Amino acid sequence: KSIRLSATVNNAQGREADVHIISDSSLVDVKVHFGLDGAGVVHCDTGLPFLDHMIDQLGTHGLLDINVQVQRLSEAATDEIVNNTVGKAIGTAIAQLGLQQTKVSAEFFSPLDESLQSVHVDLCGSGSLHFDTTIPTRHVGRYPTKLVQPFFANLADAAGVALTVQRLTPASNCNSHHIIEASFKAFARALRRAIDIIDNRTVEASALIGPSVRSASLARSTGETDISVSMTMDGRGDHSECSTSIALLDRQLAAIAEASSISFDIQATGDTHIDDHHTIEDTAIVIGKVLQSALGDRSGINRMGFGSATVGFSTVHATLDLSGRPHLGFDVDFKDERINEYDTQLVEHTYQSLVNNSGLTLHIRLLDGTDSEDTIMAIAEAVGSALRMGIQYDPRRAGKIASSKGVL
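Worth saying up front: this structure is predicted, and the values here are computed from it rather than measured.

Caption draft 1: Fine view of the overall build of the protein. Within the protein, the secondary structure is distributed over eight helices and 21 strands. A globule of 408 residues ought to have a C-alpha radius of gyration of about 22 Å, and the protein, at 23 Å, matches this closely. Projected onto its principal axes, the C-alpha positions of the protein cover 80 × 40 × 35 Å. With 408 residues in all, the protein has 57% of them scored as buried. Expressed as a percentage of contacts within the protein between residues at least 6 apart in sequence, the contacts between residues at least 24 apart total 76%. Looking at the protein as shown, the accessible area adds up to about 16,500 Å², and 46% of this sits on carbon and sulfur atoms. Here the protein contributes 32 positive and 50 negative side-chain charges, whose respective centroids are spaced 9 Å apart.

This is the structure we're talking about:
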């Protein structure tokens, strides 16, 4: 329960709302400024450092200006009351901006190392929360993890939107901090995605071409292989040449290039008379290093991306984060050990080598299908689509890195 003292909307300087709430029994005083058209500037002092850090993720990843100030008016003001009132105040600010009056919904997938979370936002929802996320520990720092769900519940109720927060990886294998932070990032980007749909602008429509052409090349020779890779990230993906002497690998690389709009020139030879392992591994290593070099410091880009692809009867979903933190989640099983001479075990190894050398977090999930070759090609197309979203520039970031740390 709460008493809202004031809520005002200021559209003269952009879509902004100011909310002042005092909780039931006058225990907590919360003031929130919330702006939709900012650059992700956040000032937050709730007295709960971890909650401040999570609200920082909302601003940074959702391109939202947020100012939250909390004053405890009584010693009886618990962390739970602060947490819930802040959620209600932010939700009230969203409601004041009238977003719930539009029939728009959006979803975003956010990985953080081993954790993968999705959030679906329905702006014309019923103020409800479906929280399908288990957090394995009771605390992160001194923040009780049981407060995450009521924070989102209070936000959704006050905003008049429907939220679905879903965990897509086993909680037992995930760090609690990662689960919570990935949830806040996914919510921020889903909300921004919904706002952009209202504004007739989506993340996929961001400019591929930034202030400078991003390209890189590398040649690498070992006693087993000779690999050379050139990459132009701001191309169209339709002028790529992939020659590795391994037909199925060439097809995968061409599919990634086309879906990502990255132009490749890949030339590889190796000891394929032994097997394909060294050539496939080293090709992925060099592509990863070239991708990392072409991305530079990753300033101004969307950073995160996801995509699905269906080939034949196989459907695959890929989510990535150009975070500088290598991690691969590979939730795919192949029914065939080999496709002609191609060892299907090498598919996972290909992407593991890629992420290890590019600083990429990548989650690949097989949603449907049993045909191994179709699945392999669907993986390539889904990864390419996710990569295209992630590398695109967003002019609203004004060349800044999409991270609350300011660096990746």
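Caption draft 2: Seen up close, helix 7 (residues 345-358). Taking 1.5 Å of rise per residue, the 14 residues of helix 7 would be expected to cover 20 Å, and the 21 Å separating its terminal C-alpha atoms lies within 8% of that figure. Inspection of helix 7 places Leu346, Val347, Thr350, Tyr351, Ser353, Leu354, Val355, Asn357 and Ser358 among the buried residues, and these make up the whole buried set. In the core, the buried residues of helix 7 are packed alongside helix 5 (247-260), helix 6 (277-295), strand 18 (327-331), strand 20 (342-343), strand 21 (361-368) and helix 8 (372-391). Once helix 7 ends, the next one or two residues include Gly359, with phi positive near 70 degrees.

Caption draft 3: Quick look at the nonpolar core. Within the largest apolar cluster, 65 residues are counted, with the highest numbers of intra-cluster contacts made by Phe34, Val86, Ile90, Phe187 and Leu191. Broken down by element, this core gets its largest block of residues, ten residues, from helix 4 (residues 176-198). Residues within four places of Val86 in sequence aside, it is in contact with Val30, Thr46, Leu51, Ile55, Val68, Val70 and Phe151. Grouped together as the second largest cluster of nonpolar side chains are 55 residues, Ala216, Ile246, Phe330 and Leu360 included.

Caption draft 4: Here's a closer look at the pattern of salt bridges. For the coordinates displayed, the defined rule picks out 16 salt bridges. Measuring nitrogen to oxygen at the nearest pair gives 2.9 Å for the salt bridge that ties Arg396 to Asp196. You can see Arg396 sitting in the segment after helix 8 and its partner Asp196 sitting in helix 4, a full 200 residues away along the chain. For Arg396, a relative accessible area of 24% corresponds to the partly exposed category.

Caption draft 5: How the structure looks around helix 3 (residues 148-159). Given a rise of 1.5 Å per residue, twelve residues ought to cover 16 Å, and the 17 Å separating the end C-alpha atoms of helix 3 matches this to within 8%. Considering only its buried residues, helix 3 is in contact with helix 1 (49-62), helix 2 (79-96), strand 8 (129-132), strand 10 (143-144), strand 11 (162-167) and helix 4. Positive phi appears at Gly160, one or two residues downstream of helix 3, with a value of about 75 degrees.

Caption draft 6: Examining the environment of Thr164 more closely. Structurally, the position occupied by Thr164 is in strand 11. The exposure class assigned to Thr164 is partly exposed, which follows from its relative accessible area of 26%. The spatial distance from the C-alpha of Thr164 to the C-alpha of Asp122 is 8.7 Å, given a sequence separation of 42 residues. Non-local contacts of Thr164, meaning those with residues more than four positions away in its chain, are made with Ser118, Val119, His120 and His130.

Caption draft 7: Local environment of the side chain of Ser110. Note that Ser110 resides in strand 6 (residues 105-112). According to the relative accessible area criterion, Ser110 is buried, its value standing at 0%. Excluding residues that lie within four positions of it along the chain, Ser110 makes contacts with Ser115, Leu116, Gln117, Ala182, Lys185, Ala186 and Met304.

Caption draft 8: Highlighting the packing of aromatic side chains. Using the criterion set out here, one finds eight aromatic pairs in the structure. Arranged with centres 5.7 Å apart and planes meeting at 85 degrees, the rings of Phe151 and Phe152 form a pair that is edge-to-face. Using a relative accessible area of 0% as the deciding quantity, one classes Phe151 as buried. Seen in terms of ring centroids, Phe152 and Phe187 are 5.8 Å apart; in terms of plane orientation they differ by 75 degrees. Their pairing is edge-to-face.

Definitions and cut-offs
- Residues numbered from 1 in each chain as written.
- Predicted model: local features only at pLDDT ≥ 70, side-chain atom pairs only at ≥ 80, totals over all residues.
- Heavy atoms only, no water.
- Helix = DSSP H or I, 4+ residues; strand = E, 2+ residues; numbered from the N terminus.
- Rg over C-alpha atoms; globule rule 2.2 N^0.38 Å.
- Buried < 20%, exposed > 50% of the residue type's maximum accessible area, 1.4 Å probe, protein only.
- Contact = heavy atoms within 4.5 Å.
- Areas by Shrake-Rupley, 256 points an atom, 1.4 Å probe, with all protein chains shown as cover.
- Lys, Arg positive; Asp, Glu negative; His and termini not counted.
- Charge placed at Lys NZ, Arg CZ, Asp CG, Glu CD.
- Expected span 1.5 Å × (residues − 1).
- Core = buried A, V, L, I, M, F, W, Y, C linked by side-chain atoms within 4.5 Å.
- Salt bridge = Lys/Arg side-chain N within 4 Å of Asp/Glu carboxyl O.
- Phe/Tyr/Trp six-rings, centres within 6.5 Å; stacked < 30°, edge-to-face > 60°.

Honestly, it's all geometry; don't read function into it.
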